[in-house]
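Each chain, written out:
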Amino acid sequence: AAPVRIASVPVAANADSPFQGLVDGWFATRLVATYDDTNSVGNVYFATYVRWVGKARELLFRECVPDFDLKTTTFLALTRRFEHDFKREAAEFEEIEIRIRLSKYNRKFATLSHEIHSRSHGLLGSGSQIVLFVDRETYRPIDIPPNVLRGFMPYAVAPTGKVPAFVTEGAAKAA
């Protein structure tokens, strides 16, 4: 069988890094699996996929909220749930693309869907994670910060270009 190729849309939203950007509505980042990612059998260790998705989420946040500063922020993002369905294993030196996007949200929770693709073997797995936001001091849940949700909109499943009313209302109250 011929190798399966990743989407033809180039990853180039960030001129500083050819390894991340917008691909067909997904935030995508690329890497090459190395020995560090594998187990003693030679395939990529299962926990490595979780680490890769975590890294993609952090890069998505960096893209969506570039002014975020852990030293001065009033909120934290925490993972409430993480799920991943394995389809196929990857091996050392496979070129990997991790895709992540906002699949749904409400005032308190953002669900981020992810897919992991191999350049040579196609879809390796997919899943989702639910992120909640808490006050940095009290750890009480808060509404998704308006700047975060605005930043997520280009990576929403069905981007509308419109920011939900509760986000603009929250920004008006904060001003």
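The structure this text deals with has already been given above.
Summarised in this report is the structure supplied together with it.

Calculation rules
- Residues numbered from 1 in each chain as written.
- Predicted model: local features only at pLDDT ≥ 70, side-chain atom pairs only at ≥ 80, totals over all residues.
- Heavy atoms only, no water.
- Helix = DSSP H or I, 4+ residues; strand = E, 2+ residues; numbered from the N terminus.
- Buried < 20%, exposed > 50% of the residue type's maximum accessible area, 1.4 Å probe, protein only.
- Pairing = 2+ DSSP bridges.
- Salt bridge = Lys/Arg side-chain N within 4 Å of Asp/Glu carboxyl O.
- Core = buried A, V, L, I, M, F, W, Y, C linked by side-chain atoms within 4.5 Å.
- Contact = heavy atoms within 4.5 Å.
- 1 Å grid on protein atoms, 1.4 Å probe; cavity = no way out; pocket = protein on both sides within 12 Å on 5 of 7 lines; lining within 4 Å.
- Points joined across faces, edges and corners; volume = space filled by probe spheres on them.
- Nonpolar A, V, L, I, M, F, W, Y, C, P; charged D, E, K, R; others polar.
- Phe/Tyr/Trp six-rings, centres within 6.5 Å; stacked < 30°, edge-to-face > 60°.
- Lys NZ or Arg CZ within 6 Å of the ring centre and 35° of its normal.

### A few points about unusual backbone geometry
One non-glycine residue, Phe93, lies in positive phi territory at about 75°. With respect to the helices and strands, the residue Phe93 is situated in the loop between β3 (75-86) and β4 (95-105). Of note, the phi angle at Tyr139 is positive, near 60°, even though the residue is not glycine.

### Digging into the pairing of strand β5 (residues 109-118)
With eight of ten residues buried, β5 lies mostly within the body of the structure. Examined bridge by bridge, β4 and β5 share nine bridges and lie antiparallel to one another. Its bridge partner lying in β5, Ile98 is registered against Ile116. Counting the residues in the hairpin turn of β4 and β5 gives three residues. Between β5 and strand β6 (residues 122-135), which follow one another and run antiparallel, lie three residues.

### Considerations on the pattern of salt bridges
Across all of its chains, the model carries nine salt bridges by this definition. The partner of Glu97 in a salt bridge is Arg30, and the shortest N-O contact between them spans 2.7 Å. Placement of Glu97 in strand β4 and of Arg30 in strand β2 (residues 26-32) is noted, with a sequence separation of 67 residues between them. Given a relative accessible area of 0%, Glu97 falls into the buried group. The partly exposed category is assigned to Arg30, whose relative accessible area is 23%. Of the charged contacts, one joins Arg99 and Glu97 as a salt bridge, the two residues approaching to 2.6 Å between their closest N and O atoms. The residues Arg99 and Glu97 share a single accessibility class, namely buried. Each of the salt bridges in this network shares a partner with another, and the network as a whole consists of Arg30, Glu97 and Arg99.

### Focus: the nonpolar core
Counting 31 residues, the largest nonpolar core has Trp52, Leu60, Ile96, Leu102, Leu112, Ile116 and Phe152 as the members making the most contacts within it. For this core, the element with the most residues is helix α1 (residues 46-64), which contributes eight residues. Those residues in contact with Ile96, other than ones at most four positions away along the chain, are Thr29, Arg30, Leu31, Ala33, Trp52, Ala90, Ile116, His117, Ser118 and Leu124.

### Some points on the environment of Val157
Inspection of the secondary structure puts Val157 in the loop between α2 (146-152) and α3 (165-174). Taking C-alpha positions, Val157 is 8.2 Å from Trp26, a pair spaced 131 residues apart along the chain.

### What about the layout of surface pockets?
By volume, the largest pocket amounts to about 370 Å³. Lining of the largest pocket is provided by 13 residues; of these, Arg57, Glu58, Phe61, Phe68 and Ala77 occupy positions nearest its centre. When residues of the lining of the largest pocket are traced back to their parent elements, those giving at least two are α1 and β3. Take the lining of the largest pocket: its biggest share by element is six residues, from α1. When grouped by side-chain class, the residues that make up the lining of the largest pocket number nine nonpolar, one polar and three charged.

### Description of the packing of aromatic side chains
Applying the stated criterion across every chain, the model contains eight aromatic pairs. Taking the centre distance of 5.9 Å and the plane angle of 65° together, the rings of Phe75 and Phe133 count as edge-to-face. Placement of the pair is Phe75 in strand β3 and Phe133 in strand β6, with a sequence separation of 58 residues. Each member of the pair Phe75 and Phe133 is classed as buried. The ring centre of Phe109 lies 4.6 Å from the NZ or CZ of Arg80, which sits over that ring.

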